[in-house]
Amino acid sequence: MKRRFGRRGRAMQAGWRLVGLAVIIFGVAFAVERLLVPDIVPVGYADEPQPSWAVEIAFVLRTIELMAAQVALIAAAVMVAVVARRCLRRRAL
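In this report, we go over the structure that sits alongside the text. In this convention, every chain numbers its residues from 1, walking through the sequence in written order. Since the coordinates come from a predicted model, pLDDT governs what is reported: local features require at least 70, and pairs of side-chain atoms require 80 or more to be given and counted, while whole-chain, interface and lining totals use all residues. Each side-chain value is worked out from all heavy atoms of the structure, with water and hydrogens disregarded.

1. A look at the overall build of the chain
Each helix is a run of H or I in the DSSP string that is no shorter than four residues. Each strand is a run of E no shorter than two, and both are numbered from the N terminus. Each helix and strand counted, the chain has two helices and zero strands in total. Within the chain, buried positions represent 20% of all 93 residues. Whether two residues are in contact is decided by their heavy atoms, any of which lying within 4.5 Å being enough. Taking as baseline every contact in the chain between residues at least 6 positions apart, the subset at least 24 positions apart corresponds to 66%. Here the chain has roughly 7,700 Å² of accessible surface; of this, 67% comes from carbon and sulfur atoms. When accessible area is computed with a 1.4 Å probe and restricted to protein chains, residues below 20% of their type maximum are described as buried, those above 50% as exposed, and intermediate ones as partly exposed. Where accessible areas are quoted, they stem from the Shrake-Rupley method and a 1.4 Å probe; at the residue level, only the protein chains shown are allowed to cover.

2. Overview of a nonpolar patch on the surface
Surface patches are drawn from residues lacking salt bridges whose relative accessible area is over 30%; two like charges belong together within 9 Å, two nonpolar side chains (Val, Leu, Ile, Met, Phe, Trp, Tyr) within 5 Å. When a carboxyl oxygen of Asp or Glu is within 4 Å of a side-chain nitrogen of Lys or Arg, the pair counts as a salt bridge. Together, Leu21, Ile25, Phe59, Val60 and Ile64 make up a nonpolar patch on the protein surface, roughly 440 Å² of accessible area in all. Where the nonpolar patch is concerned, the elements lending two or more residues are α1 (7–36) and α2 (52–92). Per-element accounting of the nonpolar patch gives the leading share, three residues, to α2. For Val60, the location among the structural elements is in helix α2.

3. Brief notes about the packing of aromatic side chains
The geometry of an aromatic ring pair is captured by the separation of the ring centres together with the interplanar angle, meaning the angle of the planes. For this analysis, a ring pair means two rings from Phe, Tyr or Trp (six-membered ring only for Trp) whose centres lie within 6.5 Å, classed as stacked if their planes differ by under 30 degrees, edge-to-face if by over 60, and tilted for the remaining angles. Counted under the stated rule, the structure contains one aromatic pair. Between Phe26 and Phe30, the aromatic rings sit 6.1 Å apart at their centres with planes inclined by 20°, giving stacked as the arrangement. With a gap of four residues between them, Phe26 and Phe30 both fall in helix α1, about one helical turn apart. Among the residues examined, Phe26 registers a relative accessible area of 32% and is labelled partly exposed.

4. Focus on the pattern of salt bridges
For the structure on display, the rule yields two salt bridges. Between Glu33 and Arg34 there is a salt bridge, with its nearest N and O atoms 3.7 Å apart. According to the relative accessible area criterion, Arg34 is partly exposed, its value standing at 39%. Of the charged contacts, one joins Arg62 and Glu33 as a salt bridge, the two residues approaching to 2.9 Å between their closest N and O atoms. Placement of Arg62 in helix α2 and of Glu33 in helix α1 is noted, with a sequence separation of 29 residues between them. Residues joined by salt bridges that share partners form a network here, namely Glu33, Arg34 and Arg62.

5. Some points on the environment of Ala58
The topology assignment puts Ala58 in helix α2. C-alpha separation for the pair Ala58 and Glu33, spaced 25 residues apart in sequence, amounts to 6.3 Å.

6. Structural notes on the environment of Val19
Counting through the fold element by element, Val19 comes out in helix α1. By relative accessible area, Val19 is classed as buried at 12%. Sequence separation between Val19 and Ala69 is 50 residues; the distance between their C-alpha atoms is 9.3 Å. Residues contacting Val19, with those up to four places away along its chain left out, are Ala72, Ala75 and Ala76.

So, to be careful, I would describe these as geometric facts and stop short of saying anything about function.
Have a look at this one:
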């Protein structure tokens, strides 16, 4: 039997998919950074010289990681707030 979702259910599914997609993107960027540039610090100053291409790749990958983590946290917070609001409404009725 197929479960049918109302308009709110579809919105909840879309929100959780956004959280999942952001977590996957974070994981992929984290893994790629560790594989491609494991010892590179995405900062201009270091004790020993670093190749500029490696610093640039590390910087871009770190940016993707941080953006994906922020999107996941914000979307998860919104989804948890919506679920909590629904629970409080049910108790009030």
